[in-house]
Each structure stands twice: as C-alpha cells, then as structure tokens.
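Coordinate analysis (summary)
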Amino acid sequence: MANVERPLSPHLQIYKWPLAMAISILHRITGVALAIGAVIMVAIFVAVASDPACYEWIRGVLASKIGKIFLFLWTIGLFLHLFNGIRHLFWDAGYGFEKSTTTKSGIWVLIATFALSIAVWGVAYYCTNV
Amino acid sequence: MSLRTPLSEAKGLGSAKEGVAHWWFQRLTAIALIPLAVWLAFAVSMLGDASYETVRAWLETPHVAILLILLVVATFYHSQLGLQVIVEDYVHGWLKVVTLILINFLCIALAVIGVVALLKIFL
C-alpha cells in the first residue's frame, strides 16, 4: 500500500459523458428537486385550507421573476423525470437495451421533455398571461 | 440445481430478505403518477397565478380533490422509495439510518398533511 505512485484506474471525470449517463444522473437530481417541489405543493394546500394571507404570500413569491424561473426548471425536471421514468419502465419490461437504442430513446426523452415543458408554459401564457 | 430451501423459494424474499416490494411499489407509484403529473402540470398552467378564491373553488371541485389526494399519496410514497435508494448509495453508517428515518417520517407526515388540507378545503 506504500506505493502511492501506482497507476489508478481512470476516474469518472476522465470519460466523455455519454447521453445515457447524463440523463441517468439528471434523473436522480430531478427526483430530489421534485420531492422538494412537492413540499411547496403541500404548503399551498395548507395555505388555501387555513390562511388566505399566507396563500397570497406564496403566490407572490412564485409569481416573481425568480419564482417563475424555479417553476420553469421544475416543469423541465418533472417531464425529464417522467419521460425517463417511462424509458425505465420499458427497460424493466426488457426492451431497448441496445446501445444505439438507448441513445435514441435518450434523445426522445429530451425532445418530449422540451415539447411538453414549452406546451405547459404556452398554455399558461395563453390562458392566464403569466 | 438450486441450493435454496423450498421454504425460501416459496417466500421469494431473496438474499436481501426484502423481496421485490420496494422495486414493485416504485414502479406502481410511477405508473400512477404518469397521468396524474401530466394532468396537474396542465391544470396548474391553466390556473396561472390565480387568486385565492379561484384556487379554492378549483380545489373544491370533487374530481380535482380526488385526483390531488391520489397524487399526494403516490408522490410521497414514490419520493420516499426514490430518496431511500439515493441515501443508501451515498450515506453510510449511523448517518444513513438517521437520514432514512427522517425521510420516512417526513414523507408520511407530508402526505397526511396534504390529504388533511385537501379534505378540509373540500368538505
């Protein structure tokens, strides 16, 4: 063990990031982010149930510029986790393990995430002008 | 040739002694959350930054209350299962046990708080 000069196997940061790896890591990060978002959702329910002033305060925070940026990131996180989750369900069923297929399905996850995120905010803009 | 006893094979709990319960309920809640989450995203986008009265009226609609209660339960069940896997990967020793207990308590508490709040609005 004394020989600290011995070669180490290449570490994670050495490799070029394949799409599958990036999405896999994002799946975990978005999962944690969505759990935090779920706490805010419950806070809104509690505010509506008990205190209109508290609801107004939360509404103000979320409708601010920073609030909207966070909501947009949560929208992307939701759809990325959702569509990549569907991809996982296909893997669970035994489909889509070919290397070329995983790259293709990963690209479709990104396309669907982008499309649905834009659609949700398009609807918001069309219906409420937020 | 299997070296497992007939009893262990019948129980089907495997070497981790937990069986497939964690894996199965993660998938079950995931499938439930696909339509629920898409519905919520578009429903909220139509509400925008609605006033207290508008949001309250929306939450008092029966189908909204039902779907949101299902969503809250599925969300925090799914969160607990997912966060547990992440903690088991990166946290070790007694800190892991403490974190897992906290996540369990928090997820159950938040699910109950959410459901009670929704019922209080609806009833």
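One numbering rule holds for all chains: residues counted from 1, following each sequence as written. All chains are assigned letters beginning with A, and all ligands numbers beginning with 1, in the order in which they are written. The predicted nature of this model means local features are confined to residues of pLDDT at least 70 and side-chain atom pairs, given and counted, to a pLDDT of 80 or more, with totals for whole chains, interfaces and linings taken over all residues.

Regarding the overall build of chain A
Counting from the N terminus, the helices are the DSSP runs of H or I reaching at least four residues and the strands are the DSSP runs of E reaching at least two. Helix and strand counts for chain A stand at four helices and zero strands. Taken from the N to the C terminus, the helices and strands of chain A come in the order α-α-α-α. A buried classification covers 25% of the 130 residues belonging to chain A. Considering only contacts in chain A between residues 6 or more positions apart, those separated by 24 or more positions represent 71%. The exposure label follows from counting other C-beta atoms within 10 Å of a residue's C-beta, where the C-beta atoms are placed from the backbone and the thresholds are 20 or more for buried and 12 or fewer for exposed, leaving partly exposed in between. Once C-beta atoms are placed from the backbone, any two residues with those atoms within 7 Å are in contact.

Observations regarding the overall build of chain B
Secondary structure assignment for chain B yields five helices and zero strands. Seen in sequence order, chain B has helices and strands lined up from the N terminus as α-α-α-α-α. Its C-alpha radius of gyration of 19 Å places chain B more than 25% over the 14 Å reference for a compact globule of 123 residues. For chain B, the C-alpha atoms occupy an extent of roughly 65 × 35 × 25 Å along the three principal directions. Expressed as a percentage of the 123 residues in chain B, the buried residues total 22%. Summarising the internal contacts of chain B: among those between residues at least 6 apart in sequence, 72% fall at separations of at least 24. Two things to know: the radius of gyration comes from C-alpha atoms, and the globule rule equals 2.2 Å times the number of residues to the power 0.38.

A short note on the nonpolar core
For the purposes of this analysis, a nonpolar core is taken to be any set of buried Ala, Val, Leu, Ile, Met, Phe, Trp, Tyr and Cys residues that are connected through C-beta atoms within 7 Å. Counting 37 residues, the largest nonpolar core has A:Phe45 and A:Val48 as the members making the most contacts within it. Among the elements of the structure, α1 (19–50), α3 (65–92) and α4 (99–128) of chain A together with α2 (21–47), α4 (62–90) and α5 (94–122) of chain B are those that each provide at least two residues to this core. Sorting elements by how many residues they give to this core places α1(A) first, with 10 residues. Beyond its immediate chain neighbours, meaning those up to four positions away, A:Val48 contacts A:Tyr55, B:Tyr52, B:Val55, B:Arg56, B:Leu59 and B:Ile121.

Topic: the interface of chain A and chain B
Contacts between the two partners involve 30 residues from chain A and, on the opposite side, 27 residues from chain B. Those elements that place two or more of their residues in the side of chain A that touches chain B are α1, α2 (52–63), α3 and α4 of chain A. Residue contributions to the side of chain A that touches chain B peak at 11 residues, all from α1(A). Asp, Glu, Lys and Arg are counted as charged, while Ala, Val, Leu, Ile, Met, Phe, Trp, Tyr, Cys and Pro are counted as nonpolar; the rest, among them Gly, fall into the polar class. For the side of chain A that touches chain B, a count of residues per class yields 22 nonpolar, four polar and four charged.

Some thoughts on α3(A)
Given a helix with a known number of residues, its expected span is that number minus one, times 1.5 Å. Taking 1.5 Å per residue, 28 residues should reach 40 Å; α3(A) reaches 40 Å between its end C-alpha atoms and fits that length. Every buried residue belonging to α3(A) is among A:Thr75, A:Gly77, A:Leu78, A:Phe79, A:Leu80, A:His81, A:Leu82, A:Phe83, A:Asn84, A:Gly85 and A:Arg87, and all of these are buried. Buried residues in α3(A) make contact with α1 and α4 of chain A together with α2 of chain B. Count one or two residues on from α3(A) and you reach A:Gly94, which has phi positive near 95°.

Some thoughts on the environment of A:Thr30
Residues and elements named next belong to chain A. Along the chain, threonine 30 turns up in helix α1. Judged by local crowding, threonine 30 falls into the buried class, with 24 C-beta atoms found within 10 Å. Sequence separation between threonine 30 and glycine 77 is 47 residues, and the spatial gap between their C-alpha atoms is 5.0 Å.

Comments concerning the environment of A:Phe83
All names here are of chain A. Looking at where phenylalanine 83 falls in the secondary structure, it is placed in helix α3. Taking the C-alpha atoms as reference points, phenylalanine 83 and valine 109, 26 residues apart in sequence, are found 5.5 Å from one another. When neighbours within four sequence positions are excluded, phenylalanine 83 is seen to be in contact with Val109, Ala112 and Thr113.

Some details on the confidence of the model for chain B
With 99% of its residues at a pLDDT of 70 or more, chain B has an overall mean of 92. Interface confidence for the predicted complex, given as ipTM, is 0.88, next to a pTM of 0.88. The quantity known as pLDDT measures the predictor's confidence residue by residue, on a range of 0 to 100.

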